[in-house]
Amino acid sequence: MTDETRRSAAPAMPEELRSDVRLLGQLLGVVLAESGGQSLLEDVDALRALTIEAYQGDEESLARAEELVETFSPERAAEVARAFTAYFHLVNVAEEHHRVRMLRARDFSNPEGILPAVDTLPGAVSQLRAEVGIEEARRRLAALEFRPVLTAHPTEARRRAVSGSITRLSRMLGERDDPRANEAEHRELRLRLLAEIDVLWRTSPVRQDRPTPLDEVRTAMSVFDRTLFEQLPLVYRALDVALQPDVSGTAAPIAPAFVRFGTWIGGDRDGNPNVTAKVTTEASIIAAEHILLGLAKHTTRLGRELTLDAATTPPSRALLALRERHRDLAEALSAQVEKRSPGEPHRQVLLFLSARIEATRTRNADLAYTSPEEFLEDLRTVQSSLAEAGDVRSAYGQLQHLIWQVESFGFHLAELEVRQHSQVHAETLAEINEKGIDGDLSERSREVLETFRVIGRIQRRFGPYAARRYIVSFTQSPDDLAAVYRLADLAANGFQAPVIDAIPLFETFDDLGNSVDILTAMLEDPRVQERLAATGRKVEVMLGYSDSSKDVGPVSATLALYDAQARIARWAQENDIELTLFHGRGGALGRGGGPANRAVLGQPPHSVDGRFKLTEQGEVIFARYGNAGIASRHIDQVGAATLMSSAPSIERRNSEAAERFAEIAAVMDRVSRERFYELVRADGFPQWFAQVTPLEEVGLLALGSRPAKRGLSVNSLEDLRAIPWVFSWTQARINLTGWFGLGTALAAVGDLEVLRDAYRDWPLFSTMLDNVEMSLAKADERIARRYLALGDREDLAELVMAEMELTREWVLRTTGHSRPLESAKVLGRAVQLRSPYVDALSLIQLRALRKLRLGAGEEELAQARQLMLLSVNGVAAGLQNTG
């Protein structure tokens, strides 16, 4: 961004948001002065003032800011880094709260919840009705599926303790908006805010020890407890109200329970030796504990409230029969329940159902449910009885919410998916062939077999839907999938093997190209044919965004992924397959990040067909699901896009655009890939990359349970995980993985009129350019040059900077914008609000990096590592979608 555009790029901040940011900033200042004395506040303010001046175009101020950072003692540098990190957390809280405020204001202006925009589910249904008719629209809605899969990749640098403090602050900001609060209540609220900010400041922002996989499981559970369990039925209800505004809550719902969560946390063992069969077992138990506690609590509450007398609300025959079965099942318990609720049969039954859920949780075999389907059948018996008796509000009100929760979460909460590398399977089978199944197998081979046994145990306890998907990383032949079924049989050792759906994961550029051939051969496997017959010919295929981008650069990877999806979709149609494409997207743009709803609407025809599955990684989990209002909006948007993606108008637009701009795509693919290879295949590039970014230091930080590398040194990029590849470039304020090669590609096309036509009419292209604008807005040439100066390759540094400048120039020329994010006012304001403060943390990080590279005494190195960790955490909080 040039000095001129920096000065002019300051969209007006809404007054409510400005007020929240000002208040939180002032309170942080009070805490800093109390904790570190006035001198700490003065140092923070001095650095802040210099970086703001520098951001507005005063290059000398940036040099002075760098000099100021060098004068800090190690202790003061750490305090300043923590202060800026705390500020980012507070700004994030304020912006998130303002977003919720705006969502509520919009909903208030549409009290029926009927919004015409097609980025809402009601709007999408309305548009579909116009295009395909009401019956077909209803059929598509009933088949809608959105499957977010939570993963524990180490991009969430924030501690759970910090997340808890942020949640409490957000709640207090909500109280501040209450117009009924008087002056005394506002004073009390200010004191509580001050106390919470003090706690946030005094809480160590970084983990001292690397989290275990079970720590990561528990962190993810907090999202379910805090928002998703209660919020998901409200999403369904809002849709139902929009679809049948006059009768929703008094008639059978139209809205389906279309969300199913999955998780890799505790199941993804590809390259993570910390994920064992024991961990997978514990992960499933922890998740089940959370959901069963929630269901028991909700059922108990409903039962206590349903004080309907048999005279006013007579029970159906089916309900009375259910109560008789309860007496046979547990006579004493049934008598106790009936004594507490005399003459209230519906209440009696629900309270007994609650006891059965509790027995399921505690594994009381005599009383426990065998499956969530059995529980659902009982709930529907109660619902039908209430409806027959005329109490439709009780039947289709809160009881329907409970039914939706069971349909969405089952008894397992989120389906636990296992992932392992194809090479591990091949080596395990080779060892078994050599030594026999009962031979002296290696620990890893025994662990592979035990994983399948654990899947079987999970299925026996919670049902086959609790854990049946098995992702095969680096699938390169049909043998890689056959190996999974063979290993499952061997692990069963003559007993019933678990239900397994082996899912190919095509990650590299070459694998994406070979995907259809592999899938065609896969269909000939008898075990695959068996599963097709059982599932109604359903097949899931996963696409990896990260490694393909690391292979050939972001432009070629984007085009290759689109092409692969189009070919796989055609293959599915030709073979009568119900296809679900599983998108391995990340939070960062270099890993397929960006707005999910726009990505869905840009997919090839028939590649979605009402089913969308993606990974939700790192900080994205809390950004999208940590707040109830934002979670509801995200699910609504993605659900709408998933439904709309197969609308004739959308499919026609995408198909025509792909054909019309095919020549442009071919040029961009070839030229961008050549440019990317020019960089990453240069002699000494891996070592230089490690010099100019905090790659090795990030690998040492306690950000997640997964190692940063698959075992090789930095001399090879092939086995470097995509996460630190992206994360390191982001920390260096270069964001290379989101844009490198695009400028050269656009310049090679050269025809600005054609490019602008493509930006207007080709969704894949416009989404790519808008995402690159975000990436460039968060990058900073001045800071980037300081990181690149850490290396000894001026040629590579200039190659990177030249491509950044060229990309910025051609993207802005193509979009017609004068600066990145010019048309995205909210996002642009957020980036500009944070950037000077991120600059301050980047300067602190550079100081730490130089110390680590130059070498020093052990005490100085320890201080530099701690400062490095603090700055990584702060930059991640400031940039948000970091890796």
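Now for a look at the structure at hand. Just so it is clear, the structure is predicted and the values come from calculations on it, not from any experiment.

A few words on the overall build of the chain. Counting secondary structure elements, the chain contains 39 helices and 9 strands. The dimensions of the chain, computed from C-alpha atoms along their principal axes, are 85 × 75 × 60 Å. Among the 883 residues that make up the chain, the fraction classed as buried is 61%. Across the chain, contacts joining residues at least 24 apart in sequence account for 80% of those joining residues at least 6 apart.

A few words now on helix α26 (residues 628–644). With 17 residues, α26 ought to run about 24 Å at 1.5 Å a step, and its terminal C-alpha atoms sit 24 Å apart, in line with that. Along α26, 15 of the 17 residues are buried, which leaves the element largely enclosed by surrounding structure. You can read the cap of α26 off the contacts: a side-chain oxygen lies 2.9 Å from the backbone nitrogen of Gly629, and it is on Asn627.

A few words on the packing of helix α27 (residues 648–660) against helix α34 (residues 752–761). A pair of packed helices is captured by two measures, namely the crossing angle of their axes and the spacing between those axes. Here α27 crosses α34 at 160°, and the two axes come no closer than 10 Å. For the element pair α27 / α34, the angle class is roughly antiparallel. The hand of the α27/α34 crossing is left-handed. Taken together, the residues of α34 that come into contact with α27 (itself represented by Arg653, Ala657 and Arg660) are Asp757, Arg760 and Asp761.

Taken N-terminus to C-terminus, the directions of helix α2 (residues 15–55) and helix α3 (residues 59–71) make an angle of 155°; their axes are 8 Å apart at the nearest point. Relative to α3, the element α2 lies roughly antiparallel. For the pair α2 and α3, the crossing hand works out as left-handed. Listed contacts from α3 to Asp43, Ala46, Leu47, Leu50, Thr51, Glu53 and Ala54 of α2 are Ser61, Leu62, Arg64, Ala65, Leu68 and Val69. For the contact of α2 with α3, a count of residues per class yields 8 nonpolar, 2 polar and 3 charged.

Our next topic: the nonpolar core. Grouped together as the largest cluster of nonpolar side chains are 121 residues, with contacts concentrated most on Leu47, Met668, Leu679, Trp688, Ile734 and Trp762. At 14 residues, α2 tops the list of elements feeding residues into this core. Residues within four places of Leu679 in sequence aside, it is in contact with Phe685, Trp688, Leu736, Phe740, Leu796, Leu799 and Val800. The next biggest cluster of nonpolar side chains, apart from the first, holds 87 residues, and it includes Leu306, Ala596, Val608 and Leu643.

Mapped onto the elements, Gln731 comes out in helix α31 (residues 722–731). Look at Gln731 and you get buried, because its relative accessible area is 0%. Within the structure, Gln731 has its side chain in polar contact with the side chain of Gln845 (distance 2.8 Å). There is a polar contact of 3.3 Å between the side chain of Gln731 and the backbone oxygen of Val872. With near-sequence residues (within four places) excluded, Gln731 lies in contact with Pro694, Tyr787, Gln845, Ser871, Val872, Val875 and Ala876.

Two side chains bearing opposite charge may form a pair once their charged atoms approach each other closely. All chains considered together, the criterion is met by 64 salt bridges. Salt-bridge contacts for Arg531 lead to Asp501; the nearest nitrogen and oxygen are separated by 2.7 Å. You can see Arg531 sitting in helix α21 (residues 526–535) and its partner Asp501 sitting in strand β6 (residues 501–506), a full 30 residues away along the chain. Look at Arg531 and you get buried, because its relative accessible area is 16%. Residues Arg567 and Asp563 are paired through a salt bridge, measuring 3.0 Å at the closest nitrogen-oxygen approach. Linking Arg567 with Asp563, this pair stays in helix α23 (residues 554–574), spanning 4 residues, or about one helical turn.

Turning our eyes to something else, we now look at the pairing of β6. Counting buried positions over the 6 residues of β6 gives 6, a clear majority of the element. Side chains of β6 alternate between two faces, with Asp501, Ile503 and Leu505 and Ala502, Pro504 and Phe506 buried alike. Where strand β5 (residues 469–473) lies against β6, 4 bridges are found, and the strand directions are parallel. Each bridged residue has a counterpart across the sheet, and for Arg469 the counterpart in β6 is Asp501. With helix α19 (residues 478–492) bridging β5 and its parallel neighbour β6, the resulting β-α-β unit is right-handed. Summarising the sheet, β6 and strand β7 (residues 538–544) pair through 2 bridges and their orientation is parallel.

Here we take up unusual backbone geometry. One non-glycine residue, His606, lies in the positive phi region at around 70°. If you trace the backbone, His606 turns up in the loop between α24 (596–601) and β9 (611–617). The exposure class assigned to His606 is partly exposed, which follows from its relative accessible area of 30%. Within the chain, Arg733 stands out as a residue other than glycine whose phi angle is a positive 65°. As for its position among the elements, Arg733 is in the loop between α31 and α32 (736–739).

What follows covers the pairing of strand β8 (residues 578–584). With respect to burial, β8 is a largely interior element, 6 of its 7 residues being buried. Here 2 bridges tie β8 to β9, and the two strands are oriented parallel to one another. Within the sheet, the bridge partner assigned to Phe582 lies in β9 and is Lys613.

Before going further, it helps to examine helix α36 (residues 781–788). Of all 8 residues in α36, 7 are buried; the element is thus mostly enclosed. Residues Glu781, Arg782, Ile783, Ala784, Arg786, Tyr787 and Leu788 constitute the buried set of α36.

What follows concerns the environment of Glu16. Within the secondary structure, Glu16 is located in helix α2. The exposure class of Glu16 is partly exposed, given its relative accessible area of 40%. For Glu16 and Gly855, which are 839 residues apart along the polypeptide, the C-alpha to C-alpha distance reads 48 Å. In contact with Glu16, other than residues within four places in its own chain, are His98 and Arg101.

Thresholds applied
- Position labels on residues start from 1 in each chain and follow its written sequence.
- Selection of residues for local features in this predicted model requires a pLDDT of at least 70, selection of side-chain atom pairs for listing and counting requires 80 or more, and totals for whole chains, interfaces and linings are taken over all residues.
- The side-chain figures draw on all heavy atoms in the structure; neither hydrogens nor water molecules are used.
- Working definition: helices are DSSP H or I runs of at least four residues, strands are E runs of at least two. Numbering for both runs from the N terminus.
- For the exposure calls, accessible area comes from a 1.4 Å probe over protein chains only, and a residue counts as buried if that area is under 20% of its type's maximum, exposed if over 50%, partly exposed in between.
- Contacts are assigned to residue pairs that have any heavy atoms within 4.5 Å of one another.
- The span you would expect from a helix comes to 1.5 Å times its residue count less one.
- As used in this structure description, the phrase polar contact means that two N or O atoms lie within 3.5 Å; if the pair is within protein, one of them must be able to donate a hydrogen and the other to accept it, and residues adjacent in sequence are counted only when both atoms belong to side chains.
- Only the stretch in contact is used when a helix axis is fitted, and all axes are lines through C-alpha atoms; the angle between N-to-C directions ranges over 0 to 180 degrees.
- Roughly parallel means an angle under 35 degrees; roughly antiparallel means over 145; roughly perpendicular covers 65 to 115; every other angle is labelled oblique.
- Left-handed describes a crossing whose near helix is turned anticlockwise from the far helix through less than a right angle; right-handed describes the clockwise counterpart.
- Just so you know the grouping, Ala, Val, Leu, Ile, Met, Phe, Trp, Tyr, Cys and Pro go in nonpolar, Asp, Glu, Lys and Arg go in charged, and all remaining residues, Gly too, go in polar.
- The nonpolar core is taken to be a set of buried Ala, Val, Leu, Ile, Met, Phe, Trp, Tyr and Cys residues, with the residues joined through side-chain atoms within 4.5 Å.
- For salt bridges, the criterion is a side-chain nitrogen of Lys or Arg within 4 Å of an Asp or Glu carboxyl oxygen.
- For two strands to count as paired, DSSP must find a minimum of two bridges between them.
- Here the term right-handed applies to a crossover when the path leading from its first strand over the helix to its second strand runs clockwise, the strands being oriented away from the viewer.

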